[in-house]
Amino acid sequence: MIINSYTNEDKVLLAVDCIIFGFDLEELKILLVKRSFEPEKGKWSLIGGFLKKEEDLDVAAIRVLHHLTGLNNIYMEQLYTYSKVDRDPADRTLSVAYYALIDIAKHDRELIEQNSAKWFPIKSTPTLIFDHNEMVERAMARLRRRALSKPIGFELLQQKFTMRQLQKLYEAILGKKLDKRNFISKFNSFDILIKLDEKDMSSSKKGAFLYKFNEEKYNRKVEEGFNFKI
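Residues numbered from 1 in each chain as written. Predicted model: local features only at pLDDT ≥ 70, side-chain atom pairs only at ≥ 80, totals over all residues. Heavy atoms only, no water.

J.: Can you walk me through the overall build of the protein in this structure?
T.: For the protein, the count of helices and strands is six helices and nine strands. When the backbone C-alpha atoms are referred to their principal axes, the protein occupies close to 70 × 45 × 30 Å. By residue count, 43% of the 230 residues in the protein fall in the buried class. For the protein, contacts bridging at least 24 residues in sequence account for 67% of all contacts bridging at least 6. Summed over all atoms, the accessible surface of the protein reaches about 13,800 Å², with 48% contributed by carbon and sulfur. (Helix = DSSP H or I, 4+ residues; strand = E, 2+ residues; numbered from the N terminus. Buried < 20%, exposed > 50% of the residue type's maximum accessible area, 1.4 Å probe, protein only. Contact = heavy atoms within 4.5 Å. Areas by Shrake-Rupley, 256 points an atom, 1.4 Å probe, with all protein chains shown as cover.)

What follows is the structure in structure tokens.
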């Protein structure tokens, strides 16, 4: 005989909220949606949804991300659980926050428009509902730490990129200017980039060589003890 020992326990809602970062080759940006229902209707919000009975948390986050961007195989990390009793005035709701990194050039622009979503420069993030600004701050702190010790920045870049674009990305993530000579020297020393026989001609007549991240070589070097550190 199975005894249901949970009958008298409180039931709460469990949500996932996603901080979606993108990079447009100049600025680090965050994808926000305009909330279409109460409470806080008409205000900017992170994209989120409630956990379904048949889902685990990662599956729920993947569903939410795909619904808004149309993308699969997105880099994401579980960030933190927010559980203040009064965080959502509508009901007792816990939220597990995830942050995700996407290539802006690949996402589905029609889905973005259909969901009343908009990209904002991270420096110009508006006031968000509930504790969402706190989630964004925590996600930025995590992203900075990760970017210093792992090459996750390449998740935000197009497959082919210039050294200038790579430096702009790291400056946007770290929130500070980097010395060009030292930055290039550092990445050359890593030996994880492939220099292509192609140039980006959009920035100058001379053009700038394009590069690709050699993920296979990076993984092999890690197995041999390589330490990625900016």
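J.: For this particular structure, what's the right way to read the layout of surface pockets?
T.: Any space left empty among the atoms is revealed by the rolling of a water-sized probe across them. Of the pockets and cavities examined, the largest pocket occupies roughly 580 Å³. The wall of the largest pocket is formed by 22 residues, among which Phe154, Glu155, Leu157, Phe213 and Glu215 lie closest to the centre. Elements with a contribution of two residues or more to the lining of the largest pocket: β6 (93–102), β9 (208–213) and α6 (215–223). Among the elements that take part in the lining of the largest pocket, α6 stands out by supplying three residues, more than any other. Class assignment for the residues of the lining of the largest pocket results in 12 nonpolar, five polar and five charged. Roughly 480 Å³ of volume is contained in the second largest pocket. Taken together, 28 residues make up the lining of the second largest pocket; nearest its centre are Arg35, Phe37, Ser45, Gly48 and Gly49. Listing elements by their share of the lining of the second largest pocket, those giving two or more residues are β1 (13–23), β2 (28–34), β4 (47–50) and β6. Residue composition of the lining of the second largest pocket, by class: 12 nonpolar, nine polar and seven charged. (1 Å grid on protein atoms, 1.4 Å probe; cavity = no way out; pocket = protein on both sides within 12 Å on 5 of 7 lines; lining within 4 Å. Points joined across faces, edges and corners; volume = space filled by probe spheres on them. Nonpolar A, V, L, I, M, F, W, Y, C, P; charged D, E, K, R; others polar.)

J.: Would you take a moment to explain the pattern of salt bridges for this structure?
T.: Oppositely charged side chains are able to pair whenever their charged atoms sit close together. Under the counting rule described, the total for this entry stands at 10 salt bridges. Measuring nitrogen to oxygen at the nearest pair gives 2.9 Å for the salt bridge that ties Glu77 to Arg146. You can see Glu77 sitting in strand β5 (residues 75–82) and its partner Arg146 sitting in helix α3 (residues 132–149), a full 69 residues away along the chain. On the basis of relative accessibility, which here comes to 25%, the residue Arg146 falls in the partly exposed class. With a closest N to O distance of 2.8 Å, Arg87 and Asp131 form a salt bridge. Placement of the pair is Arg87 in the loop between β5 and β6 and Asp131 in the loop between β7 (117–121) and α3, with a sequence separation of 44 residues. For Arg87, a relative accessible area of 8% translates into the label buried. Taken together, the shared-partner salt bridges in this structure form one network comprising Glu26, Arg164 and Lys168. (Salt bridge = Lys/Arg side-chain N within 4 Å of Asp/Glu carboxyl O.)

J.: So what exactly am I meant to see when it comes to the UniProt feature "domain: Nudix hydrolase" (unreviewed entry) in the protein here?
T.: As recorded in UniProt, the feature "domain: Nudix hydrolase" (unreviewed entry) lies at residues 11–143. Secondary structure content for residues 11–143 is 23% helix and 35% strand, while the C-alpha to C-alpha distance between its ends is 33 Å. (UniProt positions renumbered as here; feature names shortened; annotations may be inferred.)

J.: Is there a simple way to explain the packing of α3 against helix α4 (residues 163–174) in this structure?
T.: For any two helices packed against each other, one specifies the inter-axial angle together with the distance between the axes. In contact at an axis separation of 9 Å, α3 and α4 are set at 135 degrees when each is read in the N-to-C sense. Classified by the angle their axes make, α3 and α4 are oblique. Only Tyr170, Ile173 and Leu174 of α4 make contact with α3, whose side of the interface consists of Met140, Leu143, Arg144, Ala147 and Leu148. When grouped by side-chain class, the residues that make up the contact of α3 with α4 number seven nonpolar, no polar and one charged. (Axes fitted to C-alpha atoms, helices over the stretch in contact; angles between N-to-C directions. Parallel < 35°, antiparallel > 145°, perpendicular 65-115°, else oblique.)

J.: Please explain the packing of aromatic side chains as it appears in this structure.
T.: Aromatic rings in a pair are described by how distant their centres are and how their planes are angled relative to each other. Counted under the stated rule, the structure contains 17 aromatic pairs. With centroids separated by 6.3 Å and ring planes inclined at 85 degrees, the aromatic side chains of Phe154 and Phe187 adopt a geometry described as edge-to-face. Of the two residues, Phe154 sits in the loop between α3 and α4 while Phe187 sits in helix α5 (residues 180–190), which places them 33 residues apart along the sequence. Among the residues examined, Phe154 registers a relative accessible area of 10% and is labelled buried. The class for Phe187 is buried, based on a relative accessible area of 1%. (Phe/Tyr/Trp six-rings, centres within 6.5 Å; stacked < 30°, edge-to-face > 60°.)

J.: I keep staring at the environment of Glu27 and nothing clicks. Help me out?
T.: Mapped onto the elements of the fold, Glu27 is located in the loop between β1 and β2. Glu27 sits 95 residues away from Ile122 along the chain, and the two C-alpha atoms are 7.9 Å apart. Excluding residues within four positions of it along the chain, Glu27 makes contact with Gly22 and Pro121.

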